[in-house]
Amino acid sequence: MEEAGYKAANWVYEMIKSGNHSFYTVEKGGVNYYNTTNKSQEKIAGMENFIILDHIRKNNKIWSNSGCNLTDIGDGILNLEWRTKMNTIGGEVLEGIQKSIDITEKNFKGLVIANQGENFSIGANIAMIFMMAIEQEYDEIDFAVRSFQNTTARIRYSSVPVVVATHGMTLGGGCEIALYADHVQASAETYIGLVEMGVGVIPAGGGTKAMAERASNSFFKGDIQLPTLKERYLNIGMAKVATSAQEALELDLLIKNRDKVTIGMNNLITDAKEATLNLANKGYTQPVPKKIKVLGKEGLGMFMVGAHSMHVAGYITKHEKLMSEKLANVICGGDLSTPTLVSEQYLLDLEREAFLSLCGERKTIERIEHMLKKGKPLRN
Amino acid sequence: MKTAYIVAGYRSAVGKSGKGVFKFTRPDDLAAGIIKYLVASIPQLDKEKIDDVICGNATPEAEQGLNIGRMISLIGLDTTKVPGMTVNRYCSSGLETIAIANAKIQSGMADCIIAGGVECMSPIPFGGWRIIPNLDVAKNHPDWYWSMGLTAEAVANKWSISRKDQDKFAFYSHQKALNAIEKGYFKSGIVPIKVKEIYLDENEKRQERDFIVDKDEGPRKGGSVEELAKLKTVFAQDGTVTAANASQTSDGAAFILLMSEKMIKALDIKPIAKLLSYSIAGVEPKYMGIGPVEAVPIALEKAKLKLNDIEQIELNEAFASQSLAVIRELKLNPDIVNVNGGAIALGHPLGCTGAKLTIQLINEMKRRKQKYGMVTMCVGAGQGAAGVFEIL
C-alpha cells in the first residue's frame, strides 16, 4: 500500500509492531484473526469445530502416497483424502484406501474418507481403462476391476468403522466407494450416481451388486419385488444422478435412517468424524456377509423386453440395448430358474465379466474416448 | 341348434382411470351395481334361474382377482345359487363372454346367462402388478410382449397412417361423443351409479359424500386438430402416437342378459337382438391393431352376410392409427363407424369394452331402426375379434 502511496490504518502498524505479521493465522488446525480491540490473535467465532485439511495435512500426516494423504483428525479418527485430477480413482487411490484401513485397524478407532476439493470424485480413471481396452489388455482390466471390487469389499469388511463424506460430484467409482461405507455423511449438495453407462460399461466396482443388494434388502414378505428391483436397475440403466443428498435418499443411493445430511461443507468432515466416533464407541463390529436375493429369469425377461422395446421405440441405441441386457443379467443374477440367494462374490464375478465384455466393444471404446476428449457422454 | 337372444343390456358411465369419478369404486361393486339393475329391469325373471354370470376382465388380479365373476354374482344378485366365472381375452373379453353365453344357450347347456365385463384401471396398472415375461420368448420374440403403444406405432408405420390423420380421427371421436351425450343417445343404456366417498376434511374429521355418476367422463370440449398436433409422442422417439390419439385408460362395467327361446316365451319377454356370429383371429403380435382385418371377414361369412349388409360398426378405437388402418384395409364406410365416438373420447375399460360397445351398438341401431351391426376390436398379443348382431 505504501508503495502505491497509501498509508495503512494505524492499528495495522500496531499489529505488526506487536509481532503479528498476518491478519489471520493457523494454530492447531484452527484459524485465528487479529482482534483490533484486544490486540491479539483470537479464534474466529463459529469456526472452532471446522476441520480444514489444508491446515492439518502437514503436521498430522500419518501416511501418504502419490495421490493420497492420511491425516489424523483427532480422537482416534483418521481422514483419507486423495488429490488426483478431478479426484479420479486409480491404483494409487485404491492402494490408499486399503492401506488406510490397515493402519486404522492397528492403531485407531475409525476412518473418514473425505476431501475438500471441488468434488468428492468424478469416478474411476477411465483414461487407464481406455488405454488397456485399446491395447486389448483384458487381463490388466480384469486385475484393475478386481482391485476396485476388493477395495469396496475392504471398506465394508474391516474391523473399524469407515465413514464416507460426499460432496459435489460423487459419480461412478466415487459413488461405489460411498455405497460400501458403514455410514455416509453427505453434504446437501451431493450429486451422486452410477453413471458408468455413459462411458459404455456397467458399474463393476461393486456398484451393480450394491443395487441388487439394496433391492434384496428392501424385499419384504409378500412383496412383488420386481418394481423394487426395477427402480434400482433404472438408477444404473438411466445413469441417474441425484441432484441433492435428499434425492439420493429417495433413489436408495444413500440409505434412509442410516446416512445423514450436512448442510454446507464447513461441518462435513466434523460431522463425519462424529458419526465415525459414534459407531466406534458403540462397539463397532465387522459386518457378517449376507446372501443377496436375486430374481433370475423372473426379472431378466422383463428387463430384456424393456430394453428391446426402448430400442425399437428409438429411445436407446443398439449399444445401449446391449449394455442394458448385460446390466440386467448381472442385477438378476443371470438366468436362474427361480429367485435365489447368492453370495456377493457370485455377483461381483458377473459384474466383472460384463464389464470386460463391454470393454471389448468398439462403441464402448468410442464412448470412453469421447468422454476423455469432450467431457460429456456420447450416445452411439 | 337352439336360438339365443339378447333381452337387455346396461353399462356404467365410463370414468377416467386414476383421477376419475370411479377412482375409489371397486370393480366388483361397480359390476354388481350393473347386474342388479339389469336383473331388476326384467321383473318377471326369478334371479335364481340365471345359470351363470360370465365376466370379462383383462387384468384379473388384486381387486379384480379371486374370480371376480363369482364375486359379482354374489354381491349383485344377493343369492348363492348363481355361479360366476371370469374370462380374459384382453380387450375383447366383454364380447367373448357374450359369445360364450350365446354358445352355451345354443347348445342347450343354459337358458339364461349374464355376460359382460368390468375393468377398473384406477387401482391396477396396465398389464398388472407383476409382469414376468418368459425369458426365452423375451430373447427370441420380444415383440410378443410389446406395449400396445409400440404396436400402434408399428401399424402406423406399416400402413402409412400419418400423424395428421390420426389427430383428425381423434378430434372427431370427441366431437361425435359430445354430440351423442348432448342429445342423450347413451342415456337409456347407462345405469346411474351412486358413489360414496369417505374422506377426512381439513380438520381430519371423517366425512361422507355421495354422488351419482351417469355421464361418460372422457370426451373433451373445445380443442382442435392443430392443438392435438402439438402434443408429444409417448411411445416412440420419432413416432406419431400421442396420449390424445390413443384410447383413454378407464373404469367401467357393462353386462347383457341372454336367454333361450324357451325362457323368453315362458316369461313373455321381447328380445332386442341376436348375436349372429363371432370370430377371433390371430395376427402378428407387433401388428396387434390390425386384428379386425382378419376377424371381420370370418364373422361376416359365418353370419352369411356381406360387408354392405352391415349398417353400423363399433370399431374399438384402441388407437387412431390402428382404427384408420382397419378402416382402410377393410374399406369400411367411415360414416357408419363409431357414429357416437369411440374409445379415444369415451374411454376403454379393457375387459368391459366388448359388452359396452355391444350395448351402444344395439341402442343406436334401435334408434336408427337398423338391422345388422358389428362390434370389432383389436386384441393384445396379436388378435382380432368381431361379432355380428341382428337387431330384432
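The shown structure was predicted, so the numbers you read here are calculated from the model rather than taken from an experiment. (Residues numbered from 1 in each chain as written. Chains lettered and ligands numbered in written order. Predicted model: local features only at pLDDT ≥ 70, side-chain atom pairs only at ≥ 80, totals over all residues.)

Caption draft 1: Looking closely at the overall build of chain A. Counting secondary structure elements, chain A contains 14 helices and twelve strands. Within chain A, the proportion of its 380 residues that are buried is 46%. By sequence separation, contacts in chain A at least 24 residues apart represent 70% of the contacts at least 6 residues apart. (Helix = DSSP H or I, 4+ residues; strand = E, 2+ residues; numbered from the N terminus. Buried ≥ 20, exposed ≤ 12 C-beta atoms within 10 Å, placed from the backbone. Contact = placed C-beta atoms within 7 Å.)

Caption draft 2: Representation of the overall build of chain B in the model. From N to C terminus, chain B includes twelve helices and twelve strands. Radius of gyration (C-alpha) of chain B: 20 Å, near the 21 Å computed for a compact globule of 392 residues. Principal-axis analysis of the C-alpha atoms places the extent of chain B at approximately 65 × 60 × 50 Å. Relative to its full complement of 392 residues, chain B shows a buried share of 57%. Long-range pairs, those at least 24 residues apart, make up 81% of the contacts in chain B with a sequence separation of at least 6. (Rg over C-alpha atoms; globule rule 2.2 N^0.38 Å.)

Caption draft 3: Structural view of the packing of helix α3 (residues 91-107) of chain A against helix α5 (residues 138-156) of chain A. All names here are of chain A. Closest axis-to-axis distance for the α3/α5 pair is 10 Å, and the angle between their directions is 30°. Here α3 is positioned roughly parallel relative to α5, judged by the angle of their axes. Here α3 and α5 pass one another in a crossing that is left-handed. Contact residues: α3 offers G91, L94, I97, Q98 and I101, while α5 offers S147, F148, T151, R154 and I155. Partitioning the contact of α3 with α5 into residue classes produces five nonpolar, four polar and one charged. (Axes fitted to C-alpha atoms, helices over the stretch in contact; angles between N-to-C directions. Parallel < 35°, antiparallel > 145°, perpendicular 65-115°, else oblique. Left-handed = near helix turned anticlockwise from the far one by under 90°. Nonpolar A, V, L, I, M, F, W, Y, C, P; charged D, E, K, R; others polar.)

Caption draft 4: Highlighting the sheet that holds strand β10 (residues 260-262) of chain A. All names here are of chain A. The seven strands lie next to each other as β4-β5-β6-β7-β8-β9-β10, forming an open sheet whose pairing is mixed. Looking at the sheet topology across the chains shown, the edges are occupied by β4 (61-64) and β10. Averaged over neighbouring strand pairs, the angle between their axes works out to 25° when direction is ignored. Inspection of the sheet shows strand β6 (residues 77-82) paired to strand β7 (residues 110-113) by four bridges, in the parallel sense. Its bridge partner being in β7, L80 is matched across the sheet by I113. (Pairing = 2+ DSSP bridges.)

Caption draft 5: Structural view of the interface of chain A and chain B. Each partner contributes residues to the interface: chain A has 16 residues there, and chain B has 18 residues. The biggest single contributor to the side of chain A that touches chain B is helix α11 (residues 297-312) of chain A, with ten residues. Classifying every residue of the side of chain A that touches chain B gives nine nonpolar, four polar and three charged.

Caption draft 6: Focus on the packing of helix α8 (residues 226-237) of chain A against helix α12 (residues 318-331) of chain A. All names here are of chain A. Look at α8 against α12: their axes get within 11 Å of each other, and the N-to-C directions meet at 140°. In terms of orientation, α8 lies oblique with respect to α12. Where α8 crosses over α12, the handedness of that crossing is right-handed. Together, L229, Y233, I236 and G237 of α8 and S324, L327, A328 and I331 of α12 make up the contact between the two elements. Within the contact of α8 with α12, the residues separate by chemical class into six nonpolar, two polar and no charged.

Caption draft 7: Spotlight on the pairing of strand β12 (residues 383-391) of chain B. Residue and element names in this part refer to chain B. Within β12, eight of the nine residues are buried, leaving the element largely enclosed by the surrounding structure. Where strand β9 (residues 273-282) lies against β12, nine bridges are found, and the strand directions are antiparallel. Residue pairing across strands places S279 opposite A386, the latter belonging to β12. Relative to β12, strand β11 (residues 372-379) runs antiparallel, the two sharing eight bridges. Bridging from a neighbouring strand, M377 pairs with A385 of β12. Taken together, β11 and the strand that follows it, β12, pair antiparallel across an intervening segment of three residues, in which A381 is found at a positive phi of about 65°.

Caption draft 8: Highlighting the environment of A313 of chain A. Within the secondary structure, A313 of chain A sits in the loop between α11 and α12. Along the sequence, A313 of chain A and K293 of chain A sit 20 residues apart, while their C-alpha atoms lie 32 Å from each other. What A313 of chain A contacts, discounting residues up to four positions off in sequence, is L150, F235, A236 and Q237 of chain B.

Caption draft 9: Molecular detail of the domain arrangement of chain A. For chain A, the assigned domains read domain 1 (10-43) and domain 2 (53-290). Computed over C-alpha atoms, the centres of domain 1 of chain A and domain 2 of chain A are 40 Å apart. (Domains from an automatic or database assignment.)

Caption draft 10: Highlighting the sheet that holds strand β1 (residues 24-27) of chain A. Residues and elements named next belong to chain A. With respect to topology, three strands assemble into an open sheet ordered β1-β2-β3, the strand pairing being antiparallel. Across the chains shown, the open sheet's two edge strands, defined by having one partner strand only, are β1 and β3 (40-43). When the angles between neighbouring strand axes are averaged without regard to direction, this sheet yields 40°. Pairing analysis gives four bridges linking strand β2 (residues 30-35) to β3, with the strands arranged antiparallel.

Caption draft 11: Representation of unusual backbone geometry in the model. All names here are of chain B. Backbone geometry at D268 places phi at a positive 55°, although glycine is not the residue there. Position of D268 among the secondary structure elements: in the loop between α8 (261-267) and β9. Since 7 C-beta atoms lie within 10 Å of it, D268 is described here as exposed. A positive phi is found at N338, a non-glycine position, where the angle reads about 50°. Following the sequence through the fold, N338 ends up in the loop between α10 (320-330) and α11 (343-346).

Caption draft 12: Quick look at the pairing of strand β8 (residues 162-171) of chain A. All names here are of chain A. Burial within β8 is extensive, with ten of its ten residues counted as buried. The sheet contact formed by β7 and β8 spans three bridges and is parallel. For L111, the partnering residue across the bridge sits in β8 and is V162. Relative to strand β9 (residues 183-193), β8 runs parallel, the two being bridged by eight bridges. In the strand pairing of β9, V164 is matched with V184.

Caption draft 13: Representation of the nonpolar core within the structure. In terms of nonpolar packing, the biggest core is built from 229 residues, with V112 and I202 of chain A together with I35, I113, A115, F255 and L258 of chain B touching the most fellow members. Once residues within four sequence positions are removed from consideration, V112 of chain A is found in contact with I73, I77, N79, V163, A165, I269, A272, K273 and T276 of chain A. (Core = buried A, V, L, I, M, F, W, Y, C linked by C-beta atoms within 7 Å.)

Caption draft 14: Seen up close, helix α10 (residues 268-281) of chain A. Residues and elements named next belong to chain A. Taking 1.5 Å of rise per residue, 14 residues should cover 20 Å, and α10 covers 20 Å from first to last C-alpha, within 8% of that figure. Looking only at α10, the buried set comprises L268, I269, D271, A272, K273, A275, T276 and A280. Contact partners of the buried residues in α10: β6, β7, β8, β9 and β10. Phi turns positive, to about 85°, at G283, one or two residues after α10. (Expected span 1.5 Å × (residues − 1).)

Caption draft 15: Region of the structure containing helix α6 (residues 163-182) of chain B. All names here are of chain B. Relative to the 28 Å expected for 20 residues at 1.5 Å per residue, α6 spans 29 Å between its end C-alpha atoms, a close match to the ideal helical length. Along α6, the residues that are buried comprise Q166, D167, F169, A170, F171, S173, H174, A177, A180 and I181. For α6, the secondary structure elements touched by its buried residues are α7 (225-229), α10 and α11. Looking one or two places after α6, you find G184, whose phi comes out positive at around 75°.

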